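# Architecture at a glance
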Amino acid sequence: MNRVLGKHGWTLGLLALLVLLFGITRIIQPNFGASGLDSLSRAALPFAFATAAMVIVVIAGGIDLSVASMMAVAGVTAAVLMEGAGTGGTLFAVAVVLVAGLAMGALNGALIVVTRVPDIVVTLAMLFVWEGVALLILKAPGGTATPWLREMIVGPLVFAWLPKSLVFLAVCLAAVWVPLKRSKLGLSIYAIGSDELAAYRSGVSVGRTRIAAYALCGLLSAIGGLTLTMSTGNGEPIPGPYLLASVAAAVLGGAVLGGGRGALLGPVIAVFVLRLVRMDLTLASVDPNVTTIVEGTIMVAVVMLGGVLAMRRRRA
Amino acid sequence: MTQAESTALARDPALKRIARFLGDNPMIPLIVLLLLLVGVLEFMRPGIVNERWIANTVKFAIPLAMLAACQTMTMLTGGIDLSAAVAATITGFVMATQVPIVGVPWAIVIGLIPAILIGLVNGFGVAFCRVHPLIMTLGTGLIGTGCLQVYQRFVLSTGSVVPDSLAWLGTGRTWGWPNSLLLFVPFAALLIWGQKRTGFGRLLYALGSNETASRISGVRAWQVYLALYALSGLVAGITGLLYVGLIRAPSLSLVNPLMLPSVAAAVIGGTSIFGGRGGYSGTILGALILTVLGTLLTLLQMPEGARRILFGAIILVVTTIYVRLTDQR
């Protein structure tokens, strides 16, 4: 029991915070119920995928600033391909988006490995590049999402309290994370994150592992972009505020900037905490712009706290 | 540098000498590139390059070069200031909306305050919490934009006025030369003098080359970071004042289009994004090159998306070349 607590203390604390926030939500809005949970889970979906994408590269000791732009590319690609498409066409569009995500991420990783320019600079440049690609695909918001695909994340599944979008999130993340965590690749990702040189000397192919980590990041970003198109019903070429949100959620969820530590569950709970704070502010009828300021301040504070903690750890 | 390349360089002293020469004089290839671009432009549209065109190019390059000063200064320490465009926009917008209420001089002061505040918060996060400047400035930029939107609600009724003096400075011309040079020439001279000749300027290089070494030699890094980012905010604010005089229509996204090019201008100008290398004179050339390139891309009717791809590619290619030439990470 103690061991479990020690290992997952941070995540359990976040979970308690989440429950507390749900309690506050019930106080602000007494009739908050299944539909509220459904809309919360749907709103959190793109954020959760962006965060999962960020977490994988952060564990590998890197950072990917182009997450939001890759999501935009995936979103507009899906929206354009699904325009007037049938079932076959939709499946084709989803496949294209997933492959494109893998390819974009792999390109980011390959550029970092080949040019040997630091990841933060390469992905900053690629942020601009993917933003441009999204704008070339679609100049203004447009395209459509196939109705049955949109239905996949609307409403409850079996029980009134279980949103379909939450199941969708769990299934997608588990499909990527569980095999990864159990494979050699997953171990290598943790290894290069905690000590690149030691990993190299233990026979880990550092370059290949890094490219794979970025490719997975691209894949998850692409799914995030897809869910964005699924929930809004069209493609938006201008990237949303997912970059800062994903870094903040990753840090709040216990992933250490610098690498080697962290898991997926904590950051995903952190996403729900951050979304719920926003929802509570909206329910308390706070001006949406003020909500943006509060949210931004919370995220900056979290990142600052993460910086202080990382510094402490380095000293210790 | 890979093994093969470094041996190739060792075997070929001429190549090595050229690499070192270019490394020591980064201005020469930049000037050649600028002239080349102007040549291409003249070739595509014969007669386009005249006195009026040059004055216009300089006029539009100046705000870009000033905003790129924020990037240059912060990059010298290995940082970056992604909130600069937001700070500039806030100053421009707040100043223009305050003019009808408090008059021009006070409006300028009130406008500059939030820009400096943003800089101080950036400096605090970088100095004390050791947050990467990129993430820190991205965050403050986001908060700043939110604050500006809330502020806009309160001034909807007052309207906005761009003072004649700023419009004169931003758009006017005297004897064929843009008036903004009156602001820019002393500004650039001060910066170029300051970066190499003052203690503060040298500290920026020192912190960028090796922060640990500077700390051990007694540099109080937090003071430098705090002053640096506050200064960067102030410069961004002044850019906002000049830019609102040039555009003469304050809006909530006034200076934002200059964000990307300002980073690119500093990188093209030879300032290393890893710190410790570069300077402002290169950045000025970088801003001119980007402005001419912008005219060229407009003539080619290049869509906005392709422009962004190009800017990203420029940043990546130039940094890669610098990494290869100097073999630093």
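What follows deals with the overall build of chain B. For chain B, the count of helices and strands is 15 helices and two strands. Against the compact-globule benchmark of 20 Å for 329 residues, chain B has a radius of gyration of 20 Å, which places it among compact chains. When its C-alpha atoms are laid out on the principal axes, chain B stretches across 70 × 55 × 35 Å. For chain B, buried positions account for 51% of its 329 residues. Across chain B, contacts joining residues at least 24 apart in sequence account for 77% of those joining residues at least 6 apart. Summed over all atoms, the accessible surface of chain B reaches about 14600 Å², with 67% contributed by carbon and sulfur. Taken together, the 21 basic and 10 acidic charged side chains of chain B have centroids lying 4 Å from each other.

Glancing now at helix α8 (residues 164-171) of chain B. Residue and element names in this part refer to chain B. Of the residues making up α8, those classed as buried are L166, A167, L169, G170 and T171. The buried side chains of α8 occupy one side of the element, clustering within an arc of 170 degrees when seen end-on. As for α8, its buried residues are in contact with α4 (51-76), α5 (84-102), β1 (173-174), α9 (181-197) and α12 (221-247).

Our focus in this paragraph is the interface of chain A and chain B. The interface is formed by 37 residues belonging to chain A together with 41 residues belonging to chain B. Overall, the association of chain A and chain B removes approximately 3400 Å² of surface from exposure, summing both partners, and the carbon and sulfur fraction of that is 79%. On the chain A side of the contact with chain B, R116, F128 and M304 of chain A bury the most area, a combined 19% of that side's loss. Our count for the chain A to chain B interface comes out at two salt bridges. For R153 of chain B, the salt bridge is made with D287 of chain A, and the minimal N-O distance between the two is 2.6 Å. Put simply, the parts of the chain that give the side of chain A that touches chain B at least two residues each are α4 (87-115), α5 (119-137), α11 (242-252) and α13 (288-315) of chain A. In terms of residues, the side of chain A that touches chain B owes the most to one element, α5 of chain A, which gives 13 residues. Classifying every residue of the side of chain A that touches chain B gives 28 nonpolar, six polar and three charged.

Residue and element names in this part refer to chain B. Nonpolar side chains collect at one region of the surface, where I101, V102, W106, V109, I113, L117 and L120 lie side by side and expose about 650 Å² of accessible area between them. Contributions of two or more residues to the nonpolar patch are made by α5 and α6 (104-128). When residues of the nonpolar patch are assigned to their parent elements, the largest contribution, five residues, is made by α6. With respect to the helices and strands, V109 occurs in helix α6. Here V109 falls in the partly exposed class, since its relative accessible area comes to 40%.

Below, the discussion takes up the packing of α4 of chain B against α5 of chain B. Residues and elements named next belong to chain B. Relative to each other, α4 and α5 sit at 135 degrees, their axes nearing to 10 Å. Between α4 and α5, the crossing angle belongs to the class labelled oblique. Of the two elements, α4 crosses α5, and the hand of that crossing is right-handed. Contacts from L67, C70 and Q71 in α4 reach A84, A85 and A88 in α5. Tallied by class, residues from the contact of α4 with α5 come to five nonpolar, one polar and no charged.

Tracing the backbone through its elements, the reader meets D280 of chain A in helix α12 (residues 265-283). Setting aside anything within four residues of it in sequence, one finds D280 of chain A in contact with L21, I24, T25 and I28 of chain A.

Counted according to the given criterion, the structure contains nine salt bridges over all chains. The shortest N-O distance in the salt bridge between E295 of chain A and R275 of chain A comes to 2.3 Å. Note that E295 of chain A is positioned in helix α13 and R275 of chain A in helix α12, a separation of 20 residues in sequence. Take E295 of chain A: its relative accessible area is 11%, and that puts it in the buried class. You can call R275 of chain A buried: its relative accessible area is 10%. A cluster of three or more residues bridged by salt bridges with shared partners is formed by E131 of chain A together with E304 and R308 of chain B.

It is worth spelling out unusual backbone geometry at this point. Of note, the phi angle at R116 of chain A is positive, near 60 degrees, even though the residue is not glycine. Mapped onto the elements of the fold, R116 of chain A is located in the loop between α4 and α5. Its identity is not glycine, yet Q301 of chain B carries a phi of approximately 55 degrees, on the positive side. Under the relative-accessibility criterion, Q301 of chain B is labelled exposed at 70%.

Counting residues in each nonpolar core, the largest one holds 201 residues, and the members touching the most others are F49 and L220 of chain A together with F184 and Y280 of chain B. In terms of residue count, helix α2 (residues 34-59) of chain A provides more of this core than any other element does, 15 residues in total.

A separate point is the pairing of strand β2 (residues 159-163) of chain A. Residues and elements named next belong to chain A. Two elements, strand β1 (residues 156-157) and β2, share two bridges in a ladder whose sense is antiparallel. When the sheet's bridge partners are listed, L157 is paired in β2 with F159. What sits between the antiparallel neighbours β1 and β2 is a turn of one residue, in which V158 has the positive phi angle 60 degrees.

Analysis parameters
- Residues numbered from 1 in each chain as written.
- Chains lettered and ligands numbered in written order.
- Predicted model: local features only at pLDDT ≥ 70, side-chain atom pairs only at ≥ 80, totals over all residues.
- Heavy atoms only, no water.
- Helix = DSSP H or I, 4+ residues; strand = E, 2+ residues; numbered from the N terminus.
- Rg over C-alpha atoms; globule rule 2.2 N^0.38 Å.
- Buried < 20%, exposed > 50% of the residue type's maximum accessible area, 1.4 Å probe, protein only.
- Contact = heavy atoms within 4.5 Å.
- Areas by Shrake-Rupley, 256 points an atom, 1.4 Å probe, with all protein chains shown as cover.
- Lys, Arg positive; Asp, Glu negative; His and termini not counted.
- Charge placed at Lys NZ, Arg CZ, Asp CG, Glu CD.
- Arc of directions from axis to C-beta.
- Buried area = accessible area lost by both parts, 1.4 Å probe.
- Salt bridge = Lys/Arg side-chain N within 4 Å of Asp/Glu carboxyl O.
- Nonpolar A, V, L, I, M, F, W, Y, C, P; charged D, E, K, R; others polar.
- Patch = residues over 30% accessible without salt bridge, like charges linked within 9 Å, V, L, I, M, F, W, Y side chains within 5 Å.
- Axes fitted to C-alpha atoms, helices over the stretch in contact; angles between N-to-C directions.
- Parallel < 35°, antiparallel > 145°, perpendicular 65-115°, else oblique.
- Left-handed = near helix turned anticlockwise from the far one by under 90°.
- Core = buried A, V, L, I, M, F, W, Y, C linked by side-chain atoms within 4.5 Å.
- Pairing = 2+ DSSP bridges.

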